[in-house]
Every structure is written in structure tokens, then in C-alpha cells.
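Next come the chains, spelled out residue by residue.
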Amino acid sequence: MKMKIDYNKAKKLLEDKPNISNEEYTERLWSLWEKLYENSHLLDSKADRELKTKVNKRIQEVER
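Let us look at the structure shown here.

The calculated volume of the largest pocket comes to roughly 310 Å³. Contributing to the lining of the largest pocket are 12 residues, with Asp6, Lys9, Ala10, Leu13 and Leu32 lying nearest its centre. Along the lines of polarity and charge, the residues of the lining of the largest pocket split into 5 nonpolar, 1 polar and 6 charged.

As C-alpha cells, this is what we get:
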């Protein structure tokens, strides 16, 4: 079973930080990361790979 990710919500989270606290933003980002990686063997499209790359970059920015 392939997992569903709302790419529009994920893209918005990565491109424009919503008007929420840093803690909530970080929590949402890590939640997205977990969804991507707990089923990474099922995610194999180019869009999936690009999303994972963007999430990793944003997490590195947040963790600095």
C-alpha cells in the first residue's frame, strides 16, 4: 500500500513558513520527515525524492 502525502501542504510548509510558533513549525517538519522515511521503500517517484531532499535541507536550516 502506497502512503499518501499531501504534496501541496508539504510544499507550502517548505516554501513559506506558516504563521505558527517555531516549535509547531519544527514539529510539523519532523512529522513530514517521519512520514517520508518510515515508508521510504514505498516512495520512489521523482516528486518523492525531491520532497525528501527539500525536507532534509529545511531540517538542517532549522537545526542550526
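Before going further, it helps to spend a moment on helix α3 (residues 46-63). Between its first and last C-alpha atoms α3 spans 26 Å; for 18 residues at 1.5 Å apiece the expected length is 26 Å, and the two agree. The complete set of buried residues in α3 reads Asp48, Leu51, Lys52, Val55, Arg58 and Ile59. The buried residues of α3 occupy an angular sector of 135° when the element is viewed end-on, so they sit on one face. Residues of α3 that are exposed and point more than 90 degrees away from the buried face comprise Lys46, Lys57 and Gln60. In this fold, the buried residues of α3 make contact with α1 (7-15) and α2 (22-38).

Listed in full, the 11 residues of the largest apolar core are Ile5, Ala10, Leu13, Leu14, Tyr25, Leu29, Leu32, Leu36, Leu51, Val55 and Ile59. It is α2 that provides the largest number of residues to this core, a total of 4 residues. In contact with valine 55, not counting residues within four places along its chain, are Leu14, Leu29, Leu32, Trp33 and Leu36.

A word on the pattern of salt bridges. Scanning all chains against the criterion turns up 2 salt bridges. We note a salt bridge from arginine 28 to glutamate 24, for which the minimum N-O separation is 3.0 Å. Taken together, the positions of arginine 28 and glutamate 24, both in helix α2 and 4 residues apart, correspond to about one turn of that helix. Across the pair glutamate 61 and arginine 58 runs a salt bridge, and its minimum N-O distance is 3.3 Å. In this pair, glutamate 61 and arginine 58 are both assigned in helix α3, 3 residues apart and thus about one turn of the helix distant. We classify glutamate 61 as partly exposed; its relative accessible area is 44%.

This part is about the packing of aromatic side chains. In this structure the tally under the stated criterion is 1 aromatic pair. Taking the centre distance of 5.4 Å and the plane angle of 70° together, the rings of tryptophan 30 and tryptophan 33 count as edge-to-face. Taken as a pair, tryptophan 30 and tryptophan 33 lie in helix α2 at a separation of 3 residues, close to a single helical turn. Since its relative accessible area comes to 28%, tryptophan 33 is described here as partly exposed.

Rules behind the numbers
Residues numbered from 1 in each chain as written. Predicted model: local features only at pLDDT ≥ 70, side-chain atom pairs only at ≥ 80, totals over all residues. Heavy atoms only, no water. 1 Å grid on protein atoms, 1.4 Å probe; cavity = no way out; pocket = protein on both sides within 12 Å on 5 of 7 lines; lining within 4 Å. Points joined across faces, edges and corners; volume = space filled by probe spheres on them. Nonpolar A, V, L, I, M, F, W, Y, C, P; charged D, E, K, R; others polar. Helix = DSSP H or I, 4+ residues; strand = E, 2+ residues; numbered from the N terminus. Expected span 1.5 Å × (residues − 1). Buried < 20%, exposed > 50% of the residue type's maximum accessible area, 1.4 Å probe, protein only. Arc of directions from axis to C-beta. Contact = heavy atoms within 4.5 Å. Core = buried A, V, L, I, M, F, W, Y, C linked by side-chain atoms within 4.5 Å. Salt bridge = Lys/Arg side-chain N within 4 Å of Asp/Glu carboxyl O. Phe/Tyr/Trp six-rings, centres within 6.5 Å; stacked < 30°, edge-to-face > 60°.

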